[in-house]
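Read off the chains here:
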Amino acid sequence: MTTIMRKPKWLRSRLSHTTNNQAVKKLIKDNGLHTVCESAQCPNLHECWSRGTATVMILGDVCTRSCTFCAVKTGRPSHNDLEEPLKVAQAVKKMNLKHCVITSVARDDLKDGGANIWAQTINEVRRVNPNTKIEVLTPDFRGNQDQIDIVLSAKPDIFNHNLETVERLQQPIRKTANWDHSLSILSYATSKGFTTKSGIMLGIGEEQDEIKGAINALREHGISILTIGQYLQPNKLLEPVSRWVHPDEFVSWKEYGLSIGIKVVESGALVRSSYHADEQTNQLS
């Protein structure tokens with residue numbers, strides 16, 4: 001076990017218990033859905049829910065992987081809700097979302113990695129909400145191009161997959177995930193004409209030149225949107241925070257990303273993949 005480092009002032013997010021916040025919580029519960037906001041202990045949960053938004057997590061809340069930075073439960077999933085795509089679509093409609101973000105746990109136990117449920121969910125959200133932009137934040141599907149094609153066949157507006165950290169830390173941090181797989185699926189989606197997005201976290205043991213290398217690699221593989229945030233240790237059993245990244249450094253990385261041609265860079269201590277995702281997408285137009 002490790003001691004969780006005390007957060008600096010710039011990392012303390014404000015709680016919000018507005019009517020919207022409670023309404024989103026009830027909607028998710030009543031529909032038997034899961035959110036990455038809760039499962040991953042996102043620091044922006046209260047702000048996003050008070051805005052009436054949430055990132056829905058499909059395929060259950062138990063992941064087949066055990067990444068050492070992530071608070072999502074790991075184990076042998078039993079989730080098999082055939083009505084989940086419709087439930088997600090109805091939740092998006094009730095929240096009146098103009099831009100929705102869908103993510104999932106990794107489901108290496110399934111023959112298709114969950115790709116068909118992904119496609120069904122995207123199609124159902126679009127059928128029920130024809131004017132809503134759909135952003136997907138997918139696992140790596142172990143680099144399986146056929147499974148990625150199934151997801152892309154449903155034509156999400158934004159294809160997001162997080163690189164998470166620098167190349168040296170992939171195995172100790174992401175365990176069974178793979179640097180090359182992650183970059184290859186982003187490159188593949190870009191080559192198919194999709195707008196691609198990725199994210200990395202700082203403060204988990206990386207060096208400055210490694211951060212630059214990761215940003216360069218993502219640019220070379222065609223991403224349009226990059227998110228950079230501070231790693232927060234969810235509990236004492238997971239990877240400790242190596243350092244608190246000063247806001248000025250986040251500004252510097254944003255400037256660097258933009259300077260090498262990434263169209264949109266969101267960089268800050270509390271930035272997460274789906275945080276204000278609608279605003280990121282709007283910056284592309």
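What you are looking at is a predicted structure, and each value in this text was computed from that prediction instead of being measured.

1. Notes on helix α5 (residues 115-128)
Move 1: Helix length check: α5, at 14 residues, gives a terminal C-alpha distance of 20 Å against a target of 20 Å (1.5 Å per residue), a fit within 8%.
Move 2: Restricting attention to buried positions, one finds in α5 the residues A115, I117, W118, A119, T121, I122, E124, V125 and V128.
Move 3: Next to the buried residues of α5 lie β2 (55-58), α4 (84-94), β5 (99-104), β6 (133-137) and α6 (145-153).

2. Some points on the side chain of R174
Move 1: Assignment of secondary structure puts R174 in helix α7 (residues 170-174).
Move 2: Buried R174, no salt bridge; nearest opposite-charge side chain is D140, N-O distance 4.9 Å.
Move 3: One polar contact links R174 to Q170, side chain to side chain, over a distance of 2.5 Å.
Move 4: Sequence-distant contacts of R174, defined by excluding residues within four places in its chain, comprise C67, F69, H161, N162, L163, E164, L169, W179 and S182.

3. A closer look at the pattern of salt bridges
Move 1: The final tally for this structure, using the stated rule, is 12 salt bridges.
Move 2: Salt bridges linked by common partners bring R65, D108, D140 and R142 together as one network.

4. Quick notes on the packing of aromatic side chains
Move 1: Under the definition given, this model contains 1 aromatic pair.
Move 2: Aromatic pair W253 and Y256: ring centres 6.2 Å apart, planes at 85°, arrangement edge-to-face. In this pair, W253 and Y256 are both assigned in helix α10 (residues 247-259), 3 residues apart and thus about one turn of the helix distant. Considered together, W253 and Y256 belong to a single accessibility category, that of buried residues.
Move 3: K212 extends its terminal NZ or CZ atom over the ring of Y256, reaching a point 5.1 Å from the ring centre.

5. So, the side chain of R107
Move 1: Inspection of the secondary structure puts R107 in the loop between β5 and α5.
Move 2: Of note is the side chain of R107, whose polar atom sits 2.8 Å from the side chain of D109.
Move 3: If sequence neighbours within four positions are ignored, R107 has contacts with L59, V62, T64, P77, H79 and G113.

6. Quick word on the environment of M201
Move 1: Within the secondary structure layout, M201 lies in strand β8 (residues 195-202).
Move 2: Residue classification places M201 among the buried positions, given a relative accessible area of 11%.
Move 3: The spacing of M201 and T165 is 36 residues in sequence and 5.9 Å in space, taken between C-alpha atoms.
Move 4: Leaving out residues up to four positions away in the same chain, M201 has contacts with F69, E164, I173, E206, G229 and Y231.

7. A closer look at the pairing of strand β9 (residues 225-230)
Move 1: The element β9 is extensively covered by neighbouring structure, given that 6 of its 6 residues are classed as buried.
Move 2: Alternating residues of β9 divide into I225, T227 and G229 and L226, I228 and Q230, and every residue in both groups is buried.
Move 3: Here β8 runs beside β9; their pairing, made up of 6 bridges, is parallel. From the neighbouring strand, I200 faces β9, where its bridge partner is I228.
Move 4: Since β8 and β9 lie parallel, the crossover through helix α9 (residues 208-220) that links them has a hand, and here it is right-handed.
Move 5: In terms of strand pairing, β9 meets strand β10 (residues 264-267) through 4 bridges, oriented parallel. Directly across from I228, in β10, lies its bridge partner S267.
Move 6: Between the parallel pair β9 and β10, the chain is carried across by α10, and the sense of this crossover is right-handed.

Rules and cut-offs
- Numbering of residues starts from 1 in each chain and follows the order in which that chain's sequence is written.
- In view of the model being predicted, local features appear only for residues whose pLDDT reaches at least 70, and side-chain atom pairs are presented and counted only at 80 or more, with totals across whole chains, interfaces and linings using the full set of residues.
- In computing side-chain properties, one takes all heavy atoms of the structure into account and sets aside hydrogens as well as water.
- A run of H or I in DSSP counts as a helix once it spans at least four residues, and a run of E counts as a strand once it spans at least two, with each numbered from the N terminus.
- Multiply 1.5 Å by the residue count of a helix minus one, and that product is the helix's expected span.
- For each residue, the accessible area found with a 1.4 Å probe, counting protein chains only, is set against the maximum for its type, and the residue is called buried under 20%, exposed over 50%, and partly exposed in between.
- We call two residues in contact when some of their heavy atoms are within 4.5 Å.
- Charge counting follows a simple rule: Lys and Arg are positive, Asp and Glu are negative, and His as well as the terminal groups are ignored.
- Only one rule defines a salt bridge in this text: a Lys or Arg side-chain nitrogen within 4 Å of an Asp or Glu carboxyl oxygen.
- In protein, a polar contact requires one atom able to donate a hydrogen and another able to accept it; more generally it is a pair of N or O atoms within 3.5 Å, and residues adjacent in sequence count only if both atoms are side-chain atoms.
- Within 6.5 Å between ring centres, the rings of Phe, Tyr and Trp (the latter by its six-membered ring) count as paired, and their orientation is classed by plane angle as stacked under 30 degrees, edge-to-face over 60, tilted in between.
- By definition, being over a ring means that NZ of Lys or CZ of Arg is both within 6 Å of the ring centre and within 35 degrees of the ring normal.
- When DSSP finds two or more bridges between a pair of strands, those strands are recorded as paired.
- With strands facing away from the observer, any crossover in which the path from the first strand over the helix to the second runs clockwise is taken as right-handed.

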